[in-house]
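Listed here are the chains, written in short residue letters.
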Amino acid sequence: MLNEELKTKITELLPSATFEEGGEWLNINIESKDWLSLAQQLRNDDSLFFNYLFCLTCIDWKTHLTMVYHLSSTKYRHNIVIRSKLDRINPEIETVSHIWRTADFHEREVYEMFGVNFLNHLDLRLLILPDGWEEKNPMRKDFEDPINMIRL
Amino acid sequence: MVEEIGTTTEGDLIINVGPQHPATHGVLHLVITLNGETIKKVEPHLGFIHRSIEKMCESLTYRQFIYVTSRMDYLSAHINNHACALCVEKGLQIEIPARAQAIRVLMDELTRIASHELWWGAMAMDLGAFTPFFHAFRERETINDIMEETCGARLTMNYIVPGGVMQELHPDFQKRVKEFIVLYKRKIHEYDEMVTGNIIFQNRMKNVGYLSAEDAVSYGCTGPTARGSGVSCDIRKLYPYEVYDKVEFDEILETAGDSFARYMVRIREMQQSIRIIEQLIDNIPDGDFQAKTKAVLKLPKGEFYSRVETARGELGVYIVSEGGTTPYRIKFRSPGFSNLSALDHMARGGKLGDLIAMMGTLDLVIPDIDR
């Protein structure tokens, strides 16, 4: 599907979504509360069929966090980017690990690195960091570690 | 985090493989729940070589951070550099010279062969055969020597930089590569005679670690892991970069989805890489090896994403720029991380002894997973 068609289709599914063009792919900004229902529709709608979540990450903008989901379809080969703003103090978003199972590991990584709480994730605990790093969130911009971090 | 050897409340045995274990090819810790000899659950614990490369890159300039990425997937260092260079070039909107494009693809394919060679030797060793390791390393050494002549390093080459490649090819490069192709074609049938056609290997790999096409996509598997399940996911074909749309090669697909299918994909992929090298080696265009770029690179404000096909699958580089000389945020979507997440699903219901064969055909490189 072309970007214009995707835009119309996604506006039908979620009227509150806003779009940004200019990047390589269509960017869609959504509210975090709409994410779960939209994700299910993106995955299960036959004309969209976004079955491949190829990147899931988070960005710390100092005032808020942004979750970024890169989605692709192995059938139609179209790509979109979904972005959702999260509160920095108490970041929460619904998990999608039951829709795209690759999200399981990626969400655990974002959880430990940024402290985002993925609601209803079955196994949300540290993956890469060792014990004792809960609540420390090293990928946040204000994280300081005088021993291990070298500022150039 | 580290469970001791013991039993669960249901009477299942918990055992640990790793962190130091020859079959994990690095430091990976697997906690396995066993019922008799049958696997109930495999839980990977990562992070033993986590260096926080993403955080490190936030304080390095666009010229500096490429050197760190060679240390991620050290078996396909060229391709990692390539992905980063492509992403920076996308942001700067520069065209790189035709000569540099051809050199990059040649280097990528040599790297792919070297990486698959090492995988082949190491996997055979996991399954109990020691000889293939020496055969694989004999050919791999030749590639490393070729790399050393041109790039000055054998593993962490740092040869591909934004704008092109670091320096001119060594005068002997073409001659040495042609010699390698002749040598390789003479040796490739040995691989099949020794391992592929061996009934013991086939019995250990067939119907082991089955992964369906749908699961492979859902788990985000890419590269030979997904292509063994019949998922077409070769970035070189789907989203061609550099000269991949001008050379002829086949995307290797197997449909069985078991360990043997993944094995066959890699074996046949090496021959396709040789095919690409043969087409390019006499047709490297003349011209500059590097485009003219500024000494200090500044990416415009925005987000850039590049995807390349490494020996293990799709590597994505996602750069968020605020217009400065360093990236604001950088994310490496490493192929091994997603491939490993499918291990639990693959291994459930299988036997403990087969787990090693499954891990072998996933081709795990731990620094690539941990980053």
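Up top is the structure.
Now for a description of the structure that goes with this document. (Residues numbered from 1 in each chain as written. Chains lettered and ligands numbered in written order. Predicted model: local features only at pLDDT ≥ 70, side-chain atom pairs only at ≥ 80, totals over all residues.)

### Quick look at the overall build of chain A
In step 1: Helix and strand counts for chain A stand at three helices and seven strands.
In step 2: Written out in order from the N terminus, the α and β elements of chain A read α-β-β-α-β-β-β-β-α-β.
In step 3: Principal axes of the C-alpha set define a box for chain A whose edges measure 50 × 30 × 25 Å.
In step 4: Taking all 152 residues of chain A together, the buried fraction comes to 37%.
In step 5: Long-range pairs, those at least 24 residues apart, make up 44% of the contacts in chain A with a sequence separation of at least 6. (Helix = DSSP H or I, 4+ residues; strand = E, 2+ residues; numbered from the N terminus. Buried ≥ 20, exposed ≤ 12 C-beta atoms within 10 Å, placed from the backbone. Contact = placed C-beta atoms within 7 Å.)

### Side note on the sheet that holds strand β6 (residues 38–45) of chain B
Residue and element names in this part refer to chain B.
In step 1: Spatial strand order, β1-β2-β5-β6: four strands in an open sheet with antiparallel pairing. Because the sheet does not close on itself, it has two edges, and the strands there are β1 (6–7) and β6.
In step 2: In this sheet, β6 lies alongside strand β5 (residues 29–35) in antiparallel orientation, the contact comprising seven bridges. Note that in β6 the partner of T33 across the bridge is K41. (Pairing = 2+ DSSP bridges.)

### Notes on the packing of helix α5 (residues 131–151) of chain B against helix α6 (residues 173–196) of chain B
Residues and elements named next belong to chain B.
In step 1: Contact geometry of α5 with α6 gives a least axis separation of 11 Å together with a crossing angle of 165°. Looking at the two axes, α5 sits roughly antiparallel to α6. Remark: the crossing between α5 and α6 carries left-handed chirality. Between α5 and α6, the residues in contact are T131, P132, H135, E139, T142, I143, I146, E149 and T150 and F173, R176, V177, F180, L183, Y184, K187, E190, M194 and V195, respectively. (Axes fitted to C-alpha atoms, helices over the stretch in contact; angles between N-to-C directions. Parallel < 35°, antiparallel > 145°, perpendicular 65-115°, else oblique. Left-handed = near helix turned anticlockwise from the far one by under 90°.)

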